[in-house]
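# Understanding the architecture of this molecule
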Amino acid sequence: MTEFQARQQLIDHARAMNALGINHGKAGNVSLRWDRSKTPEGAGLLITPSALAYDRLQPRDIVWVSMRPDPDLVATDSETLPDTPVFDGGRRASSEWRMHRDLLRARPELSAVVHTHSRHAAALSCLAKVQREGIPPFHYMIALSGASRIACAAYARFGTQALSEAMLDALAGGAMACLLAHHGLIAAGPDLPSALALAEEVEALAAMYAITLTLGGPAILENPAMDAVEQAFAAYRSGQAL
Ligand SMILES: [Zn+2]
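What counts and how
- Residues numbered from 1 in each chain as written.
- Predicted model: local features only at pLDDT ≥ 70, side-chain atom pairs only at ≥ 80, totals over all residues.
- Heavy atoms only, no water.
- Helix = DSSP H or I, 4+ residues; strand = E, 2+ residues; numbered from the N terminus.
- Rg over C-alpha atoms; globule rule 2.2 N^0.38 Å.
- Contact = heavy atoms within 4.5 Å.
- Areas by Shrake-Rupley, 256 points an atom, 1.4 Å probe, with all protein chains shown as cover.
- Lys, Arg positive; Asp, Glu negative; His and termini not counted.
- Charge placed at Lys NZ, Arg CZ, Asp CG, Glu CD.
- Salt bridge = Lys/Arg side-chain N within 4 Å of Asp/Glu carboxyl O.

Moving on, we come to the overall build of the protein chain. The helix and strand tally for the protein chain stands at eight helices and nine strands. Against the compact-globule benchmark of 18 Å for 242 residues, the protein chain has a radius of gyration of 18 Å, which places it among compact chains. Dimensions of the protein chain, computed from C-alpha atoms along their principal axes, come out at roughly 50 × 45 × 35 Å. Look at the contacts in the protein chain between residues 6 or more apart in sequence, and 67% of them connect residues 24 or more apart. Split by element, the accessible area of the protein chain, about 11,300 Å² in all, is 56% carbon and sulfur. Across the protein chain, the 21 positively charged side chains and the 25 negatively charged ones have centroids separated by 5 Å.

Further remarks concern the environment of P108. Within the secondary structure, P108 sits in the loop between α3 (97-106) and β6 (112-116). Between the C-alpha atoms of P108 and R33, which are 75 residues apart in sequence, the distance is 9.5 Å.

Opposite charge on two side chains permits pairing when their charged atoms draw close. Counted under the stated rule, the structure contains eight salt bridges. R36 is the salt-bridge partner of E3, the closest N and O atoms lying 2.8 Å from each other. Note that E3 is positioned in helix α1 (residues 3-19) and R36 in the loop between β1 (29-33) and β2 (44-47), a separation of 33 residues in sequence. With a shortest N-O distance of 3.7 Å, E41 and R68 are connected by a salt bridge. One end of the pair, E41, is in the loop between β1 and β2; the other, R68, is in the loop between β3 (63-66) and α2 (71-74), with 27 residues separating them in the sequence. Linked by salt bridges that have partners in common, E3, R7 and R36 make up one network.

Shown next, in the form of structure tokens:
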């Protein structure tokens, strides 16, 4: 795949995010690991730009962001940092480039990230109970996230390093998706179709969980049941028969 094709693939998935009904307007963003060389300087990612409608995106509008840590971010209070936008080819990277960069840097097995403000995930992320406990294993498909519970990252302002760090905490232990308090969801995968499919699944689970909460709350699957599902998914991913 050429970089031009990777940029087009990113646009296709950003548009699909809205077409699937898991995002609206210019909210949300999508990224794909893209190294321009084998050297540390060449390690990076392609990400959708800030403030451009997805139906108007052209491959040249996609922004490449270096994987290298921003030295300004290391010693400074992350909440008070200016927005340090990343420009590339005249476009500014999505304001959430830090979450995408930090997730791809922390998790070499993942290569694509989808962040959306999907309706039910965002609504649940505003509940204190969900902020404390995440979405519990009320349905076996929760295990698709790589964990037995979809955690909710603590609130921090959009675009900040603090939000990125809260997200990494929520994904600790190998999870590939989490909610972001008072905000939405983020999901990752080994490629763009997987990351988008997981984002769609998390939104569907959030909708189901919201319904069960209005009906008095769900019964919860116990550990042995969820362990068995996680093992089955792991076998499925590695190509073994179920
Ligand atoms: Zn957002």
